[in-house]
Amino acid sequence: MSTGRLNIDLDAVVANWRALDGMTTCKTAAVVKANGYGLGSANVAKALFKAGVRQFFIAVAEEAAPIRAELGDKPDINVFSGHMKGDTDLIRELRLTPMLNSVEQMTRHFETLPGHPFGIQLDTGMNRLGMEPQEWAAVAELVLSQNPTLVMSHLACADEPDHPMNPHQLDIFKQLTDGISVPRSLAATGGILLGSEYHFDLTRPGIGLYGGLPFTDATPVVELDLPIVQVRDVAAGEVVGYANSWQAERATRLATVSGGYADGIFRILSDKATLFHGNTPCPLVGRVSMDLLTIDITDLDETPDKLTLIGPQQSVDDLASAAKTIGYEVLTQLGARYTRKTYGK
Ligand SMILES: *Cc1c(COP(=O)(O)O)cnc(C)c1O
């Protein structure tokens, strides 16, 4: 066995959902798009369903299939991208609730699936998805007469609590929706942490469930160990890896580890990442290759059979910051080649 081993703790996902749910007095959904942020949407949704979650969100209709197959008809599955051309059969057959993003989508939905549940997504300034305020003004009355399940919008800067965009979007969302009797939703993970004004009737956390920032108090969900395939001793002056990009300054014990950019270990981590044996850091030296990393283990007293890339010593967000990215990207790029062990509920 020479693939990396990815441990996914579903009890930690549930604990994170409960913690986020406990910060509000409204309902809490779960965002399981992108295959549950790379961790397996069916397993994640199953564990959360057992914990009481009945509303899930995905990005595109196709992502619903494994979740419906696992959970049957009970939970609501909401689709952020709405009702696209070509989605109609999936929306009907998998009983999805599209968040309609435009008058065009609204028209398509009412014409092709009259009476089928839907929600509305409004743009409050992010300019990514949702009806513009003028569009909403023109159709709100008609839409509200058709009993939408939800009216939602999304915050652009919620991970920065002091950003003026937050109250600005809150204000616009209120102007567009105050007085309607339909449930409202504005907050993802970051919005939950902004406080009760942002919570409305339903929150939509994603990253916080999976242990990532901005939810600083999250329970870690993933650990990643990479097996050592070979160990060698190189003399001072010898070079290592593609382009000879690292040269030993001392006699060095080098471990070649299974895992590379094809597994989501970004190439920008060349000469930068740190792996761990227990608490001892072992620096990555030379380039990240497609399938392998070369690690300086000179300072270890023993030769282990694996090294840890994500674990108690180094979080997903620590690794993300070394790679100049965010935890969301590290998680969603975790490779398909790892041996995945999912445990917990
Ligand atoms: C991805 C997404 C979420 C979840 O966001 P997190 O920051 O991961 O909590 C919520 N709402 C929308 C519209 C999204 O695209």
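Residues numbered from 1 in each chain as written. Predicted model: local features only at pLDDT ≥ 70, side-chain atom pairs only at ≥ 80, totals over all residues. Heavy atoms only, no water.

1. Comments concerning the packing of aromatic side chains
Enumeration over the complete set of coordinates arrives at five aromatic pairs. Measuring from centroid to centroid gives 4.6 Å for Tyr 37 and Tyr 210, while their planes differ by 20°, and the two rings are stacked. You can see Tyr 37 sitting in helix α2 (residues 33-37) and its partner Tyr 210 sitting in the loop between β10 (202-203) and β11 (222-234), a full 173 residues away along the chain. Taking the centre distance of 5.0 Å and the plane angle of 85° together, the rings of Phe 173 and Phe 200 count as edge-to-face. In this pair, Phe 173 is assigned in helix α8 (residues 165-177) and Phe 200 in the loop between α9 (189-194) and β10, connecting sequence segments 27 residues apart. (Phe/Tyr/Trp six-rings, centres within 6.5 Å; stacked < 30°, edge-to-face > 60°. Helix = DSSP H or I, 4+ residues; strand = E, 2+ residues; numbered from the N terminus.)

2. Focus on the pairing of strand β16 (residues 280-283)
Alignment of strand β15 (residues 274-277) against β16, held across four bridges, turns out to be antiparallel. From the neighbouring strand, His 277 faces β16, where its bridge partner is Thr 280. The antiparallel hairpin formed by β15 and β16 contains two residues in its connecting segment, where Gly 278 sits at a positive phi of about 55°. (Pairing = 2+ DSSP bridges.)

3. Remarks on the site of the ligand
Lys 33, Tyr 37, Thr 189, Ile 207 and Tyr 328 are the nearest of the 14 residues found near the ligand. The contact in question runs from an oxygen atom of the ligand to an N or O atom on the backbone of Gly 206, over 2.8 Å. Within the backbone of Ile 207, an N or O atom sits 2.7 Å from an oxygen atom of the ligand. Here the ligand occupies the largest pocket. Per-class residue counts for the shell around the ligand are eight nonpolar, three polar and three charged. (Near = heavy atom within 4 Å. Polar contact = N/O pair within 3.5 Å; in protein donor to acceptor, adjacent residues only side chain to side chain. 1 Å grid on protein atoms, 1.4 Å probe; cavity = no way out; pocket = protein on both sides within 12 Å on 5 of 7 lines; lining within 4 Å. Sits in = over half its atoms within 2 Å of the grid points. Nonpolar A, V, L, I, M, F, W, Y, C, P; charged D, E, K, R; others polar.)

4. Regarding the side chain of His 199
Topologically, His 199 is positioned in the loop between α9 and β10. Of note is the side chain of His 199, whose polar atom sits 3.1 Å from the backbone oxygen of Gly 195.

5. What to know about the environment of Leu 39
For Leu 39, the position within the fold is in the loop between α2 and α3 (41-50). Separated by 17 residues in sequence, Leu 39 and Phe 56 have C-alpha atoms that sit 15 Å apart. Leu 39 has contacts with Ile 8, Val 44, Tyr 210, Val 221, Val 222, Leu 331, Leu 334 and Arg 340, leaving out every residue within four places of it along the chain. (Contact = heavy atoms within 4.5 Å.)

6. A short note on the packing of helix α6 (residues 103-112) against helix α7 (residues 133-145)
With their axes 11 Å apart at the nearest point, α6 and α7 run at an angle of 20° to one another. Judged on the interaxial angle alone, α7 and α6 are roughly parallel. Taken as a pair, α6 and α7 cross one another with a handedness that is left-handed. Across the interface between the two elements, Val 103, Met 106 and Phe 110 of α6 pack against Glu 135, Val 139, Leu 142 and Val 143 of α7. Of the residues in the contact of α6 with α7, the class split is six nonpolar, no polar and one charged. (Axes fitted to C-alpha atoms, helices over the stretch in contact; angles between N-to-C directions. Parallel < 35°, antiparallel > 145°, perpendicular 65-115°, else oblique. Left-handed = near helix turned anticlockwise from the far one by under 90°.)

7. Description of the domain arrangement of the protein chain
Split into domains, the protein chain comes out as domain 1 (10-210) and domain 2 (222-343). In this structure, domain 1 and domain 2 have C-alpha centres spaced 37 Å apart. Contact with domain 1, which involves nine residues of that partner, is made by nine residues of domain 2. Taking both partners together, domain 1 and domain 2 bury about 770 Å²; carbon and sulfur atoms supply 65% of that area. Of all residues in domain 1, Tyr 37, Leu 39 and Ile 207 bury the most surface against domain 2, accounting for 54% of the area lost on that side. On the surface where domain 1 and domain 2 come into contact, there are zero salt bridges. One can count two residue pairs in polar contact (both at pLDDT 80 or more) joining domain 1 with domain 2. Residue assignment for the side of domain 1 that touches domain 2 shows that the elements contributing at least two residues are α1 (10-21) and α2. Among the residues forming the side of domain 1 that touches domain 2, the class breakdown is six nonpolar, two polar and one charged. (Domains from an automatic or database assignment. Buried area = accessible area lost by both parts, 1.4 Å probe. Salt bridge = Lys/Arg side-chain N within 4 Å of Asp/Glu carboxyl O.)

8. Details of the sheet that holds strand β5 (residues 76-79)
With parallel pairing, seven strands are arranged side by side in an open sheet as β3-β4-β5-β6-β7-β8-β9. What marks the edges here is a single partner per strand, and that holds for β3 (30-31) and β9 (184-185). Taken together, the two bridges between β3 and strand β4 (residues 55-58) define a ladder with parallel strand orientation. Of the residues in β4, the one forming a bridge with Ala 30 is Phe 56.

9. Points about empty space enclosed by the protein
Taken as a whole, this structure holds two cavities of 30 Å³ or more when the rule is applied. Taken as a whole, the largest cavity spans an internal volume of roughly 60 Å³. The wall of the largest cavity is formed by Leu 224, Asp 263, Gly 264, Ile 265, Phe 266, Leu 269, Leu 309, Ile 310, Leu 319, Val 330, Leu 334 and Tyr 338. Of the residues contributing to the lining of the largest cavity, the split by class is 10 nonpolar, one polar and one charged. Of the pockets and cavities examined, the second largest cavity occupies roughly 50 Å³. Around the second largest cavity sit Gln 121, Leu 122, Asp 123, Thr 124, Met 126, Arg 128, Leu 129, Ser 153 and His 154, which together line it. Of the residues assigned to the lining of the second largest cavity, the class counts are three nonpolar, four polar and two charged. (Points joined across faces, edges and corners; volume = space filled by probe spheres on them.)

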